[in-house]
Amino acid sequence: MKKAIIFDFDGLIIDTESAWFEAYKKWLSENFNYKLDFDLFLTCIGTTNFHFVDRVNKDLGVDIDYSRFNNEIDKIADSLSSELPLRPGVKNILEFAKSKDIPCVIGTSSNREHLEYHLKRLEIEEYFVGFVTADDVENIKPSPDIYVKASNILGVHKKDIIIFEDSLNGLLAGNSAGIDVVVVTNDVTSYIEFPEIYLEKVSSFASYDYTLLFK
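None of the values given here were measured: they were computed from a predicted structure.

K.L.:
For this particular structure, what's the right way to read the pairing of strand β5 (residues 180-184)?
P.N.:
Regular strands have side chains that alternate between both faces of the sheet. Of all 5 residues in β5, 4 are buried, a share of seventy percent or more. Across 4 bridges, strand β4 (residues 161-165) lies against β5 in parallel orientation. Paired with Glu 165 across the two strands is Val 183, which belongs to β5. Assessed by its sense of winding, the connection that carries the chain from β4 through helix α8 (residues 168-176) to β5 is right-handed. Relative to strand β6 (residues 200-202), β5 is paired through 3 bridges, and the arrangement is parallel. Paired with Val 182 across the bridge in β6 is Glu 200.

Here is the structure:
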């Protein structure tokens, strides 16, 4: 029986992955007339853009400034995701956890400002006892650092925690941290070939009986 939950954020609680993909496509098309390959985009979900930018630089024979890329992509993606709703079933699992006194933490590779903006906008701050962001660790996913720190906030044994994730990098991070992971894919990450190191893999909280994890 699980006693605590760690939630990823982007792509799991709101479907920002689609917004990020559109932002990447738009920026690369407008600046370099570069058609973004979907499979290449999938490699950077849940982690840093560093290797993605390095690959594009090699493909184009250019030297895209990493900081400029991140800043401009962030602005486009923030605009596209500014009104995104909760993914189906998210509010229900948060209410379930609250009713059962199951503590919840967010562990995300996004920065704190991004997370706090959406938590306030969606009015779901009250459901979480804490969160860990890219600003709080040295290494983000697929490194286990975020999930190790999140588990420390919860203060229960790792075997009693479940992580909900949508990305391959998140699954690898959770697995490296020694915590069970349920993969909840979205329209983008459903195309990823996940290694079978997860507890379960489902397409939505709305169609998944997560209550069984806590019995």
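Next, the rest of the story.
K.L.:
What is the right way to look at the side chain of Thr 16 in this model?
P.N.:
Checked against the element boundaries, Thr 16 lands in helix α1 (residues 16-32). The contact partners of Thr 16, leaving out residues within four places of it in the chain, are Asp 10, Gly 11, Ser 81 and Leu 84.

K.L.:
Would you mind showing me how to read the nonpolar core here?
P.N.:
For soluble globular proteins, nonpolar side chains are generally found buried alongside one another. Ile 6, Tyr 24, Leu 28, Leu 36, Phe 41, Phe 52 and Phe 69 are the most contacted members of the largest nonpolar core, which totals 41 residues. Counting residues per element, this core draws most heavily on α1, at 6 residues. Aside from chain neighbours lying at most four places away, what touches Leu 36 is Phe 21, Tyr 24, Lys 25, Leu 28, Phe 41 and Phe 52.

K.L.:
Mind showing me how you'd approach helix α5 (residues 90-99) here?
P.N.:
For an α-helix, the turn length of 3.6 residues means that residues three or four places apart are oriented alike. Within the span of α5, buried status applies to Val 90, Ile 93, Leu 94, Phe 96 and Ala 97. All buried residues of α5 project into a common sector of 160° when viewed along the axis, lining one side. Turned more than 90 degrees away from the buried face of α5, the exposed residues are Asn 92 and Ser 99. Of the surrounding secondary structure, the elements contacted by the buried residues of α5 are β1 (4-7), β2 (104-107) and β4. Following α5 by one or two positions, Asp 101 has its phi on the positive side, about 55°.

K.L.:
What's the story with the environment of Ile 14 in this structure? I'm lost.
P.N.:
For Ile 14, the location among the structural elements is in the loop between β1 and α1. On the basis of relative accessible area, Ile 14 is assigned to the buried category, the value being 0%. Residues in contact with Ile 14, not counting those within four places in the same chain, are Phe 9, Leu 84, Pro 85, Leu 86, Arg 87, His 118, Arg 121 and Leu 122.

K.L.:
What should I look at first to understand the packing of aromatic side chains in this one?
P.N.:
Aromatic ring pairs are reported here in terms of the distance separating the ring centres and the angle at which the planes meet. One pass over the structure, following the stated rule, counts 16 aromatic pairs. Here the aromatic rings of Phe 21 and Phe 41 are separated by 5.0 Å at their centres, their planes lie at 50°, and the arrangement is tilted. Taken together, the positions of Phe 21 in helix α1 and Phe 41 in helix α2 (residues 38-42) put the pair 20 residues apart, joining distant regions of the chain. We note that Phe 21, like Phe 41, is buried. Ring pairs connect the aromatic residues Trp 20, Phe 21, Tyr 24, Trp 27, Phe 32, Phe 38, Phe 41, Phe 69 and Tyr 191, which therefore count as one cluster.

K.L.:
Just to check I follow, could you spell out α8 for this structure?
P.N.:
All buried positions along α8 are accounted for by Asn 169, Gly 170, Leu 171, Ala 173 and Gly 174. Tucked into the core, α8 has its buried residues touching α7 (145-154), β4 and β5. Remark: Gly 178 follows α8 within two positions and exhibits a positive phi of approximately 80°.

K.L.:
Quick question: what am I supposed to make of the side chain of His 118 here?
P.N.:
Summarising the element assignment, His 118 is placed in helix α6 (residues 112-122). Judged by its relative accessible area of 1%, His 118 is buried. When neighbours within four sequence positions are excluded, His 118 is seen to be in contact with Phe 9, Ile 14 and Ser 81.

Definitions and limits used
- Position numbers for residues start from 1 in each chain and track the written sequence from start to end.
- Per-residue local features of the predicted model are confined to residues with pLDDT of at least 70, and side-chain atom pairs are confined, for both listing and counting, to 80 or more; whole-chain, interface and lining totals are unaffected and use all residues.
- Side-chain metrics rest on all non-hydrogen atoms present in the structure, leaving aside hydrogens and water.
- Burial status follows relative accessibility: with a 1.4 Å probe on protein chains alone, a residue under 20% of its type maximum counts as buried, one over 50% as exposed, and anything between as partly exposed.
- Here a helix means four or more residues in a row that DSSP labels H or I, a strand means two or more in a row labelled E, and each is numbered from the N terminus.
- For two strands to pair, DSSP has to find at least two bridges joining them.
- Crossovers are marked right-handed if the path from the first strand over the helix to the second runs clockwise, as seen with the strands pointing away from the viewer.
- In what follows, a contact means two residues having at least one pair of non-hydrogen atoms within 4.5 Å.
- Residue types Ala, Val, Leu, Ile, Met, Phe, Trp, Tyr and Cys, when buried and joined through side-chain atoms within 4.5 Å, form a set referred to as a nonpolar core.
- Here, the arc refers to the directions that run from the helix axis to the C-beta atoms.
- Any pair of Phe, Tyr and Trp rings, taking the six-membered ring for Trp, is counted once the centres come within 6.5 Å. Such a pair is stacked with planes under 30 degrees apart, edge-to-face with planes over 60 apart, and tilted for the rest.

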